[in-house]
Amino acid sequence: MTNDRETKKSTMGGDEREHRRLAMTLAAVLFLGTFQLGEGELKGDYSKLSGIIIPGFASTQLRAWSILDCPYSPLDFNPLDLVWLDTTKLLSAVNCWLKCMLLDPYNQTDNPECKSRPDSGLSAITELDPGYITGPLSSVWKEWVKWCIEFGIEANAIIAAPYDWRLSPSMLEERDLYFYKLKQTFETALKLRGGPSIVFAHSLGNNVFRYFLEWLKLEIAPKQYIQWLDDHIYAFFAVGAPLLGSTETVKGMLSGNTFGLPVSEGTARLMFNSFGSSLWMMPFSKYCRADAMYLKHFSGGIRKGPNAYQCEQKEFQSNYSGFSTNIINIEIPSTRGIDAYPSVSEFSQTNYSSMECGLPTQLSFSAREISDGTFFKAIEDYDSDSKRTLHQLKKSYHDDPVLNPLTPWDRPPIKNVFCIYGVDSRTEVGYYFAPSGKPYPDNWIITDVIYEIEGSLVSRSGNQVEGNPGPASGDETVPYHSLSWCKNWLGPRVNITRAPQSEHDGSDVQVELNVEHHNEDVVPNMTRSPRVKYITYYEDSESIPGKRTAVWELDKANHRNIVRSPALMRELWLQIWHDIHADSPSKFVTKAKRGPLRDDDCYWDYGKARCAWPEYCEYRAVG
């Protein structure tokens, strides 16, 4: 190595050097305790906290648990072989691969010839297909774990909670005892490290955690439930949570979503619809709720029949179930007038006012009409998969003995809740479907797509769109309306801060203090520079007693990539550093200034022909 080669290094003086040294020494994100500094040395027990990661949909490796001979391929499936995601076998033996992936659409059992089960440990979630696929489909939590290792986190302080993301919530417990094992994971972490855990959940993982909290209510005596949560869970970081579902799920159910895999859309639809979890992410109305099983369980009453599903009057007075537009607009062929629609007799005649004999008609459906089964009944005569969908919808969701997941979230009863998501990316919020003339699974085609883009609605075709766009758009996968539902969890007064995502000196930070909040969306009156990506923080100024809530919106953060966002990781570490100091003057970390935390954050400023952030970084020649 020659002397003229330069490498970037971080250097600190005074307080900055001490700050970085503490950060690296304390393993900042997962450690909690009381600290005392004396003569430059750190004293005290700081290794009590654990981090439990609950991954999202398609973010856990699945491995074969049987032997499958593939007659037309040199590659067979043997026990412990990768199934999801082994692209080599997908490309060379797709029919065999599908046997290992598909579940029975009615009872969620494995194919008789092949059985797959989720992998365990951190390796199950860090890199799904090492060496073949790079990028967001394969690597989800790898960068997150890398950050933890870089900051010195101990191996047993990071715990993955992988699961079979193909299953409905009740089947996760029935087949794999997943929620029982997750409870034991929290209890083991407490015994092992002596302190509570931080939960990091992404996408569908948030739905899994919500179901776990409801399941736990029925496992623990009522007086011990909150105490168990306080003892075992310090904070919940909900990242990219589809709190009111995702409209993209509808596309997967009707036409197929390949997620970048080398399969046809029809094959993707066939696979997606065999999973009990596909309905778990459907959009649903914020105005409709089901009975609370927890209250029934402890009231001494005997449960009779399915959960009562009731909607507020607002559901019928407003449009689109609170979403920005109708989610499904579908063209149905007809040659027999009203008699061609025996499944939709409960619809009003206005749905058919434009129908002419022998011509197709277009029906529109809101989030409620999708989640309560109305839509699937309407197409039952034209789609062979609808009977399967209605069966799963009733059995695994509407009649679930623990929770109907297709109902709005309440704030989880955890002391510290952080809801984090991306905004202002083009996000699909509605679809137009028409018959393709082909058999299932290719019997529907998408003729138009409606997008939300930074507070407006546009269609792919350029046609005018009817709707009520929100103040922002979603994260490419989940609409803003669904992501931002957690703003309802904020207290009566909110402090709002908008700061650049990149390192900054504090000059571009905007703050609004004590903004009144009435259980609805809150939007800041702040400026934006078109060339700057911001984080907007909504933090309790006056919170619910004993609770602390924050919402972080990251500009242009993609749904799947957000867990790899350096800005998110930096803010998360800084918040935890702030929390572990008992003498912190405020509930949340200040946003006034952001310097680099790691060597990787230092860079050369070509405009100034010098190292950026010279008070933190310098370039050193190495010999």
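Residues numbered from 1 in each chain as written. Predicted model: local features only at pLDDT ≥ 70, side-chain atom pairs only at ≥ 80, totals over all residues. Heavy atoms only, no water.

What follows concerns the overall build of the protein. Check the secondary structure of the protein and you find 18 helices and 25 strands. In the protein, which comprises 623 residues, the share counted as buried stands at 56%. Across the protein, every contact between residues at least 6 apart in sequence was considered, and the portion connecting residues at least 24 apart equals 70%. For the protein, the computed accessible surface area is about 26,600 Å², with 50% contributed by carbon and sulfur atoms. (Helix = DSSP H or I, 4+ residues; strand = E, 2+ residues; numbered from the N terminus. Buried < 20%, exposed > 50% of the residue type's maximum accessible area, 1.4 Å probe, protein only. Contact = heavy atoms within 4.5 Å. Areas by Shrake-Rupley, 256 points an atom, 1.4 Å probe, with all protein chains shown as cover.)

Burial along strand β14 (residues 361-365) is one-sided: the face carrying Thr361, Leu363 and Phe365 is buried and the face carrying Gln362 and Ser364 is not. Where strand β13 (residues 328-332) meets β14, five bridges bridge the pair, whose relative direction is antiparallel. Paired with Ile332 across the two strands is Thr361, which belongs to β14. (Pairing = 2+ DSSP bridges.)

A word on the sheet that holds strand β19 (residues 493-500). Reading across the sheet, the nine strands line up as β8-β4-β9-β10-β15-β22-β21-β19-β20 and stay open at both edges, with mixed pairing between neighbours. The two strands at the open ends of the sheet, each matched to only one other strand, are β8 (158-160) and β20 (510-516). Direction aside, the axes of adjacent strands within the sheet are offset by 15° on average. Where helix α9 (residues 222-232) meets the sheet, it contacts β9 (197-202) and β10 (233-239), and its direction lies at approximately 80° from that of β10. Those strands touched by helix α18 (residues 566-579) are β9, β10, β15 (416-423), β19, β21 (534-542) and β22 (548-555), and its axis lies near 160° from that of β22. (Axes fitted to C-alpha atoms, helices over the stretch in contact; angles between N-to-C directions.)

So, about the state of the cysteines. All told, the structure shown has four disulfides when counted by the stated rule. Here Cys70 pairs with Cys96 through a disulfide, and the sulfurs are 2.2 Å apart. Between Cys70 and Cys96 the disulfide shows an S-S torsion of about -130°. By sign, it is left-handed. In this pair, Cys70 sits in the loop between β5 (62-64) and β6 (82-84) while Cys96 sits in helix α3 (residues 94-101), placing the two residues 26 residues apart along the sequence. Considered together, Cys70 and Cys96 belong to a single accessibility category, that of buried residues. Disulfide pairing places Cys288 opposite Cys311 at an S-S distance of 2.0 Å. On the sign convention where negative is left-handed, the bridge of Cys288 and Cys311, at about 105° about the S-S bond, is right-handed. Highlighted residues: Cys288 in strand β11 (residues 288-290) and Cys311 in strand β12 (residues 309-311), separated in sequence by 23 residues. Taking relative accessible area as the criterion, Cys288 reaches 0% and is therefore assigned buried. In this structure Cys311 comes out as partly exposed when scored by relative accessible area, which is 26%. (Disulfide = S-S within 2.5 Å.)

The subject of this paragraph is the sheet that holds strand β16 (residues 427-435). In any sheet, the strands associate via hydrogen bonds between backbone groups, in a parallel or an antiparallel arrangement. As summarised here, the arrangement of the five strands in space is β14-β13-β16-β17-β18, forming an open sheet in which the pairing is mixed. Both edges of this open sheet fall to β14 and β18 (456-459), since each of them pairs with a single strand only. Neighbour-to-neighbour, the strand axes of this sheet turn through a mean angle of 20°, independent of strand direction. Bridging between strand β17 (residues 444-453) and β18 involves four bridges; their strand directions are antiparallel. If you follow Tyr451 over to β18, its bridge partner there is Val458.

Interhelical geometry of helix α8 (residues 204-217) versus α9 gives an angle of 140° and a closest axis separation of 10 Å. The pairing of α8 with α9 is recorded here as oblique in orientation. Across from Phe212, Leu213, Leu216 and Lys217 in α8, the residues of α9 making contact are Tyr225, Trp228 and Leu229. Classifying every residue of the contact of α8 with α9 by side-chain character gives six nonpolar, no polar and one charged. (Parallel < 35°, antiparallel > 145°, perpendicular 65-115°, else oblique. Nonpolar A, V, L, I, M, F, W, Y, C, P; charged D, E, K, R; others polar.)

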